[in-house]
Amino acid sequence: MRVYFLSYIPAALKLNGLYAGTIDGFDRHIELDTSDGILAEIIPDGNLQPLNFFLNEQFFKTPPDFADVYLTDGDALIYIREYQSKEVKLEVIYQTRFCGNLVTVFSQGGVYLSVEGAEYILESLPRQFAQLRADEQNIAGRPVLALYGGEFLAVISENGKKIFLNRVLSAEFGNELEITAAFETCTAAKAICEFSYDGYELTLASGKTVEEREPEEEILHFAFFESVLTRGDFAAYLSDELKPKAGDLQSYLGEFVSVSIPPENFYLKHGKLRCAGLVYPKSKNLYEVKYFAVEISNGKISNIFPV
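What comes next is a walk through the structure.

Reading guide: rules and limits
Residues numbered from 1 in each chain as written. Predicted model: local features only at pLDDT ≥ 70, side-chain atom pairs only at ≥ 80, totals over all residues. Heavy atoms only, no water. Helix = DSSP H or I, 4+ residues; strand = E, 2+ residues; numbered from the N terminus. Buried < 20%, exposed > 50% of the residue type's maximum accessible area, 1.4 Å probe, protein only. Contact = heavy atoms within 4.5 Å. Areas by Shrake-Rupley, 256 points an atom, 1.4 Å probe, with all protein chains shown as cover. Lys, Arg positive; Asp, Glu negative; His and termini not counted. Charge placed at Lys NZ, Arg CZ, Asp CG, Glu CD. Pairing = 2+ DSSP bridges. Axes fitted to C-alpha atoms, helices over the stretch in contact; angles between N-to-C directions. Phe/Tyr/Trp six-rings, centres within 6.5 Å; stacked < 30°, edge-to-face > 60°. Lys NZ or Arg CZ within 6 Å of the ring centre and 35° of its normal. Salt bridge = Lys/Arg side-chain N within 4 Å of Asp/Glu carboxyl O.

**Focus on the overall build of the chain**
On a plain count of helices and strands, the chain comes out with three helices and 24 strands. Judged by the C-alpha coordinates and their principal axes, the chain covers about 60 × 55 × 30 Å. Expressed as a percentage of the 307 residues in the chain, the buried residues total 44%. Across the chain, the fraction of contacts at a sequence separation of at least 24, relative to all contacts at a separation of at least 6, is 43%. A total accessible area of about 16,200 Å² is found for the chain, and carbon and sulfur atoms account for 49% of it. Taking the average location of the 27 positive side-chain charges in the chain and that of its 44 negative ones, the two points are 2 Å from each other.

**Examining the pairing of strand β3 (residues 18-23)**
Across five bridges, the pairing between strand β2 (residues 11-15) and β3 is antiparallel. Paired with Ala 11 across the bridge in β3 is Ile 23. Between β2 and the antiparallel strand that follows it, β3, lie two residues; Asn 16 among them carries a positive phi value of about 50°.

**Remarks on the sheet that holds strand β5 (residues 38-44)**
Pairing in this open sheet of four strands is antiparallel, and the strands run β3-β2-β5-β6 from one edge to the other. Bordering the open sheet on either side are β3 and β6 (51-55), each of which pairs with just one other strand. Averaged over all pairs of adjacent strands, the angle between their axes in this sheet comes to 25°, without regard to strand direction. Relative to β6, β5 runs antiparallel, the two being bridged by five bridges. Residue Glu 41 lies in a different strand from β6, and its bridge partner there is Asn 52.

**Digging into the packing of aromatic side chains**
Per the stated rule, a full pass over the model turns up 14 aromatic pairs. Seen from their ring centres, Phe 164 and Phe 195 are 5.8 Å apart, and the 70° between their planes marks the pair as edge-to-face. Pair noted here: Phe 164 is in strand β16 (residues 162-167) and Phe 195 is in strand β19 (residues 190-197), with a separation of 31 residues, a long-range link. For the pair formed by Phe 164 and Phe 195, the shared burial category is buried. Ring pairs connect the aromatic residues Phe 53, Phe 59, Phe 60 and Phe 66, which therefore count as one cluster. The lysine or arginine in question, Arg 133, covers the ring of Tyr 148, its NZ or CZ lying 3.9 Å from the ring centre. Between the NZ or CZ atom of Lys 290 and the centre of the ring of Tyr 280, over which it lies, the distance is 4.9 Å.

**Topic: the pattern of salt bridges**
Summed over all chains, the structure comprises 13 salt bridges. Its salt-bridge partner being Arg 142, residue Glu 158 comes within 3.7 Å of it at the nearest N-O pair. Taken together, the residues Glu 158 in the loop between β15 (152-157) and β16 and Arg 142 in strand β14 (residues 142-149) connect sequence positions 16 residues apart. Exposure remark for Glu 158: the relative accessible area of 24% places this residue in the partly exposed category. With relative accessibility at 35%, the residue Arg 142 sits in the partly exposed group. Connected through shared salt-bridge partners, Asp 68, Arg 81 and Glu 82 make up one network.

**Examining the environment of Val 88**
In this fold, Val 88 is placed in the loop between β8 (75-80) and β9 (91-98). Along the backbone, Val 88 and Thr 104 are 16 residues apart, and their C-alpha atoms lie at a distance of 17 Å. Residues in contact with Val 88, not counting those within four places in the same chain, are Gln 108 and Gly 109.

Put into structure tokens, the structure is as follows:
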């Protein structure tokens, strides 16, 4: 099995105690037999806590909380998306009283949200909330507390519940909550969504995807699958013969959650196809990648088939 390593920040990789190089946002790979039970150690930059785990069959069935594992065409990709801080002392980042609730954001190894009111909640937040600003807003005439951390927005209801958490480019409060969020796609697509509010939860009332630039011809197939994923105007990528079947594409491709570039090993096995990897959840932190290829005629997709 070829195993690819990725890390959201640069980190050193050791295998059975031997230095194997650095890992970051560009994949590095090794060949291994999962029955060997190789000990992997990852030491991140930034004085964060190192990680260690055995690369065995159990790891690839039930990944730990700090890693996402993608199974693909006989190979696997390990993405380390979380490291804990070595600094574990309690530090209050923000605290306020809101509608009878004591809302506290604090750090202690990670960043956490605590709300004490009629009920008590404790939830983790993205690390961007270590630098936080907040203000009180209204949705449909009801008070909410908006917490901003980098590109993230969290919204707390008057009942002390977290009713929204996502990356946003902008947010407008009024009769509804309207947000604009960016997708990481070839076409720089954005989602514009409006949510209604009943005082307890937000409900998506309307949404549209806007693709802001035309993709280059060589990445047209990636842009197409991303458009299907983000509910964009993916029919525009199809040939006249295939457009009548656009409504069947969601069921044909299934409920995938992201689009990936096939690794080098894929092209060694299958040749130069116009292909993309579609990522499907299997269980917690575990995903399966299935490959679909397209044929293009006169700048339009004329066939879609699994590899």
